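Fold and geometry: a report
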Amino acid sequence: PSLRGTGLEVTPSVTGVGRWTNESGSWATPNIAETPLDVIRPSVDLRYGLGPDLGFTAAILPDFSQVEADVSDVRVNPRFAFRFPETRPLFLDGSEYFEDPQETLYTRSVQDPLYGLKLAGRDGPWAIGVLNALDRAPLATFNENDTPGFNEEDIEGRQAMTTTARVRLDAFKTGQLGMTIADKRIGNDLAGVTGRHHSVGTDIVLPVGGRWFTGGSVTQTWTGRAEDALMWGQSAAVFVKREGGQGTGMELTAMDRTPGFRQETGYSTQSGLTSLASELDHTFFLNK
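Read on for an overview of the structure. (Residues numbered from 1 in each chain as written. Predicted model: local features only at pLDDT ≥ 70, side-chain atom pairs only at ≥ 80, totals over all residues. Heavy atoms only, no water.)

So, on to the nonpolar core. Counting 11 residues, the largest nonpolar core consists of Ala59, Leu90, Phe91, Tyr97, Phe98, Leu105, Val110, Ala120, Ala127, Leu131 and Ala133. Where this core is concerned, the elements lending two or more residues are helix 1 (89-92) and strand 8 (126-135). Broken down by element, this core gets its largest block of residues, three residues, from strand 8. Contacts of alanine 127, omitting those with residues within four sequence positions, involve Tyr97, Gly121, Arg122, Arg166, Val167 and Arg168. (Core = buried A, V, L, I, M, F, W, Y, C linked by side-chain atoms within 4.5 Å. Buried < 20%, exposed > 50% of the residue type's maximum accessible area, 1.4 Å probe, protein only. Helix = DSSP H or I, 4+ residues; strand = E, 2+ residues; numbered from the N terminus. Contact = heavy atoms within 4.5 Å.)

In structure tokens form, the structure reads like this:
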């Protein structure tokens, strides 16, 4: 059922789980319940409209049982991490308001949320996205090199509090200014913090003329275990692009990351690298 009011929608639900095994021709129920929530799982989703394009969403024990499962991947080389698309409504709705050039937020890094709170939408020239979630089964650091992060021992039996905020302002007619902050804290039932990650980033897009744009972004991170000093890192990028359409479009991007750069709320698997990437496209229009 749903309770609807002026801009308010509340959706409670209950999911039940039962398992049986057939041993020697007789059915038996194994002891699978470590907690009552393993058998009967209540859930509440709440949505409240703060304006025509701005809304607040909350979910307690969100039920993702009806979400389509991930397509199985073929791990020829398991050394490399796999990135999966987001399909869970709590994180998928309004995800465009959290997008930034450094890809600070990868919502699949929140694996099993106890709850999630989200504010997302637009108010005039401002675009806003704020997310807070408590993950009961956090994942280890996505990393392909030897840059320190959080390994399996650091997150075993612990929870993680993830908070991300993104603000973007439409400026310079067709350009924009943006700022993103992120915070992730790992702890033993949050009684004491055992690991911390902080991130602050800014970005700008400037129209040059016609379909040409230039801009850049800088993100600073601080990551470490509670008993150690936080490790600092930085990722900076600049770009020049010509938007596609009729004719030729292109983009040229240069990026540099220091060895200490980490992205515990995102999906940056490599640090200590410098790269140069380019894209080129051409659109043909045929007269009939």
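Tallying each qualifying case throughout the model produces one cavity of 30 Å³ or more. Reported here for the largest cavity is a volume of approximately 60 Å³. Lining the largest cavity are Ser109, Leu139, Ala140, Thr141, Phe142, Lys184, Arg262, Gln263, Glu264 and Gly266. Residues that form the lining of the largest cavity fall into these classes: three nonpolar, four polar and three charged. (1 Å grid on protein atoms, 1.4 Å probe; cavity = no way out; pocket = protein on both sides within 12 Å on 5 of 7 lines; lining within 4 Å. Points joined across faces, edges and corners; volume = space filled by probe spheres on them. Nonpolar A, V, L, I, M, F, W, Y, C, P; charged D, E, K, R; others polar.)

Of note in the backbone geometry, glutamate 103 takes a positive phi value of approximately 50° without being a glycine. For glutamate 103, the location among the structural elements is in the loop between helix 1 and strand 7 (113-123). When its relative accessible area of 43% is taken as the criterion, glutamate 103 is described as partly exposed. One non-glycine residue with positive phi stands out, namely phenylalanine 172, at about 55°. Among the secondary structure elements, phenylalanine 172 is positioned in the loop between strand 9 (159-171) and strand 10 (175-187). Overall, the relative accessible area of 40% leaves phenylalanine 172 in the partly exposed class.

Within the secondary structure, histidine 198 is located in strand 11 (residues 193-209). Polar side-chain contacts of histidine 198 include one of 2.6 Å to the side chain of aspartate 183. Dropping the residues within four chain positions of it, histidine 198 is found in contact with Ala182, Asp183, Arg185, Gln220, Thr221, Trp222 and Leu230. (Polar contact = N/O pair within 3.5 Å; in protein donor to acceptor, adjacent residues only side chain to side chain.)

With respect to the secondary-structure elements, alanine 58 resides in strand 6 (residues 54-60). Residue alanine 58 is classed as buried on the basis of its relative accessible area of 13%. Once the C-alpha coordinates of alanine 58 and valine 10 are considered, the two residues, 48 residues apart in sequence, prove to be 9.4 Å apart. Setting aside chain neighbours within four positions, we find alanine 58 in contact with Val44, Asp45, Leu46, Gly116 and Leu117.

Here we come to the environment of threonine 104. Tracing the backbone shows threonine 104 in the loop between helix 1 and strand 7. Measuring from C-alpha to C-alpha, the distance between threonine 104 and tyrosine 267 comes to 7.6 Å, with 163 residues separating the pair along the chain. Setting aside residues no more than four positions away along its own chain, threonine 104 makes contact with Thr180, Ala182, Ser199, Gln263, Thr265 and Gly266.

Turning next to the packing of aromatic side chains. A ring pair, where both rings are aromatic, is described by two values, the distance of the centres and the angle of the planes. Taken as a whole and assessed by the stated rule, the structure comprises one aromatic pair. Lying over the aromatic face of phenylalanine 213, lysine 241 brings its terminal NZ or CZ to 6.0 Å of the ring centre. (Phe/Tyr/Trp six-rings, centres within 6.5 Å; stacked < 30°, edge-to-face > 60°. Lys NZ or Arg CZ within 6 Å of the ring centre and 35° of its normal.)

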